[in-house]
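Close look at the chain arrangement
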Amino acid sequence: DMSISDSEQGVNGIRDRYLRFSAGGDAGHSATFTIESLKQLRNMTSLPIVPKGVKTAHDVKLCADLGFPAVYISNHGGRVVDMAPTAVEVLLDVRRLYPEVFDQIEIYADGGVRRASHIITLLALGVRAVGLGRSPMYANVYGEEGVSKLLNIIKKELTTELALIGEANSNNVRGNASFVNTRRVELEFFGAPLS
């Protein structure tokens, strides 16, 4: 009998709309894929591997210590696991617990990015680049014209907000938390300032 146990099958998030409107099928991820699996995969290729879906400061530190060139902090839009930490929360924890990580690896992030102020916040907390997900997906309903309009809006917001904070170059914002009221962010996410 070649049946696969539940722990070896792919794992799908519980996506209500998908369950209501699809015929099913398994598009899940391996339930057995771990950091050890990533290390094995790294030995099979010379291509750089960037773990995505990293959700804790500890895992960011672990990936840095294992020599990965970068990590991608993402809670997959928070649509699969309720109450998953946001990229901002993870970055605040990394800054507090493992600040040396920012000099070891590049960090990318996404999740809930709808405005230029979200981009500036993530850059100021130390990410190299910010991903956009749902906004371009929804804009794509209008095709290339919709996505172009969205990108123009984001660019205009980013240019304006950078000028208003006195910094013309977004590269100078990266890792400079003085551009973000981190105490307010900590209060919002953790209920009290961390420092």
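See above for the structure.
What you are looking at is a predicted structure, and each value in this text was computed from that prediction instead of being measured.

**Overview of the packing of aromatic side chains**
According to the stated counting rule, one finds 1 aromatic pair in the structure shown. In this structure, Arg42 is placed above the aromatic ring of Phe68, and the distance from its NZ or CZ to the ring centre is 4.6 Å.

**Considering the environment of Leu151**
By the element assignment, Leu151 lies in helix 8 (residues 143-164). Leu151 sits in the partly exposed class, given a relative accessible area of 45%. Leu151 sits 16 residues away from Ser135 along the chain, and the two C-alpha atoms are 9.6 Å apart.

**Let's talk about the pairing of strand 4 (residues 70-73)**
Neither face of strand 4 is exposed, since Ala70 and Tyr72 on one face and Val71 and Ile73 on the opposite face are all buried. Handedness of the crossover joining strand 3 (residues 52-54) and strand 4 through helix 3 (residues 57-65): right-handed. Here strand 4 runs beside strand 5 (residues 106-109); their pairing, made up of 4 bridges, is parallel. Opposite Val71, over in strand 5, you have Ile107 as the bridge partner.

**Some details on the nonpolar core**
The biggest cluster of nonpolar side chains holds 38 residues, and the ones touching the most others in it are Val60, Ile73, Val101, Ile107 and Leu122. Setting aside residues up to four positions removed in sequence, Val60 forms contacts with Val54, Val71, Ile73, Val90, Val94, Val101, Ile105 and Ile107.

**Here we look at the sheet that holds strand 5**
Hydrogen bonds along the backbone pair up the strands of a sheet, which may run parallel or antiparallel. Read from one edge to the other, the open sheet built from 4 strands follows the order 3-4-5-6, with strand pairing classed as parallel. Single-partner strands in this sheet number two, and they are strand 3 and strand 6 (129-130).

**Some words on the side chain of Ser135**
Along the chain, Ser135 falls in helix 7 (residues 134-139). Take Ser135: its relative accessible area is 16%, and that puts it in the buried class. With residues up to four places along the chain from it excluded, the contact list for Ser135 reads Val113, Arg114 and Leu150.

Scoring rules and cut-offs
Residues numbered from 1 in each chain as written. Predicted model: local features only at pLDDT ≥ 70, side-chain atom pairs only at ≥ 80, totals over all residues. Heavy atoms only, no water. Phe/Tyr/Trp six-rings, centres within 6.5 Å; stacked < 30°, edge-to-face > 60°. Lys NZ or Arg CZ within 6 Å of the ring centre and 35° of its normal. Helix = DSSP H or I, 4+ residues; strand = E, 2+ residues; numbered from the N terminus. Buried < 20%, exposed > 50% of the residue type's maximum accessible area, 1.4 Å probe, protein only. Right-handed = clockwise from strand over helix to strand, strands pointing away. Pairing = 2+ DSSP bridges. Core = buried A, V, L, I, M, F, W, Y, C linked by side-chain atoms within 4.5 Å. Contact = heavy atoms within 4.5 Å.

On their own, these measurements won't tell you what the molecule is for.
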